[in-house]
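Examining the three-dimensional arrangement
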Amino acid sequence: MSGLPADVPIPAAEVWEQAFWDHCAERRLMFQACADCGTLRHPPMPFCPNCRSRRTEWLEAKGPAILFSHTRTHHPSHPALNEAVPYWIAVVEFPEMQNVRLLTNLIDMGETEVRIGMPLSLVWEEPQPGKVLPRFTVAGDAT
């Protein structure tokens, strides 16, 4: 998959998720962190799973993005994706950020290129005006 169709439905964000999507609209990958104990988390939540604090801050992703897990999907999850199959669904890990993980897609990658532990580069995709999504590709191929 190299790009999402413009008519793919994008669900509305919950209140506590909105800051993540606002940062993505600015093309900044940010993760929610507890302002009290520092625990990073994704997806965003209204409270810290470690200390139960509701105080949060947002930290920009740093360090390498590593492929933690993946699957190649051959059956579209929505009719708008009929022309996009097959596509990669991936879990990307950030070792320098308490191993926080992001569910995303790999783009512009063949079946023989993908391997667990490989370094990845962030690319941004805007399938609809104002809806900017983080995607990943082979490290060094970022656009």
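Placed above this text is the structure.
Conventions we followed
- Here, residues in each chain are numbered from 1, in the same order as that chain's written sequence.
- Reporting in this predicted model follows two pLDDT cut-offs: at least 70 for local features of residues, and 80 or more for side-chain atom pairs to be given and counted; totals over whole chains, interfaces and linings ignore these cut-offs and use all residues.
- Side-chain metrics rest on all non-hydrogen atoms present in the structure, leaving aside hydrogens and water.
- Secondary structure elements follow DSSP: runs of H or I of four or more residues count as helices, runs of E of two or more count as strands, with numbering from the N terminus.
- Residues adjacent in sequence count toward polar contacts only when both atoms are side-chain atoms; beyond that, a polar contact is any pair of N or O atoms within 3.5 Å, and within protein one must be able to donate a hydrogen and the other to accept it.
- By definition in these notes, contact holds between two residues if any of their heavy atoms fall within 4.5 Å.
- Each salt bridge in this description consists of a side-chain nitrogen of Lys or Arg and a carboxyl oxygen of Asp or Glu lying within 4 Å of one another.
- Exposed residues in this analysis have more than 50% of their type's maximum accessible area, buried residues have under 20%, and partly exposed residues fall in between, with area computed by a 1.4 Å probe over protein chains only.
- Only rings of Phe, Tyr and Trp enter the pairing, Trp through its six-membered ring, and a pair is recorded when the two centres are within 6.5 Å. The plane angle decides the type: under 30 degrees is stacked, over 60 is edge-to-face, the rest tilted.
- Here, a charge over a ring means that NZ of Lys or CZ of Arg falls within 6 Å of the ring centre while also lying within 35 degrees of the ring normal.

Note on placement: Thr-104 falls in strand β6 (residues 100–106). Only 2.7 Å separates the side chain of Thr-104 from the backbone oxygen of Pro-134, close enough to count as a polar contact. Setting aside anything within four residues of it in sequence, one finds Thr-104 in contact with Trp-88, Ile-89, Ala-90, Val-92, Pro-134, Arg-135 and Phe-136.

Another aspect to go through is the pattern of salt bridges. Here the structure, examined in full by the defined rule, presents seven salt bridges. Between Glu-60 and Arg-28 there is a salt bridge, with the nearest N and O atoms lying 3.6 Å from each other. Of the two residues, Glu-60 is situated in strand β3 (residues 56–60) and Arg-28 in the loop between α1 (18–25) and β1 (30–34); the sequence distance between them amounts to 32 residues. When its relative accessible area of 41% is taken as the criterion, Glu-60 is described as partly exposed. In this structure, Asp-36 engages Arg-55 in a salt bridge whose closest nitrogen and oxygen atoms are separated by 2.9 Å. One end of the pair, Asp-36, is in the loop between β1 and β2 (40–41); the other, Arg-55, is in the loop between β2 and β3, and 19 residues separate them in sequence. If you follow the salt bridges from partner to partner, you end up with Glu-26, Arg-28 and Glu-60 in one network.

Moving on to the packing of aromatic side chains. Following the criterion strictly, the structure yields three aromatic pairs and no others. Each ring, one from Phe-94 and one from Phe-136, has its centre 6.3 Å from the other, and the planes form 65 degrees; the classification is edge-to-face. Of this pair, Phe-94 sits in strand β5 (residues 87–94) while Phe-136 sits in strand β8 (residues 131–138), and the two are 42 residues apart along the sequence. For the pair Phe-94 and Phe-136, one class covers both residues: buried. Ring pairing ties together the aromatic residues Phe-31, Phe-94 and Phe-136, which thus form one cluster. Here Arg-101 stacks its cationic end above the ring of Phe-68, 3.5 Å away from the centre of that ring.

Read these as spatial facts, not as claims about activity.
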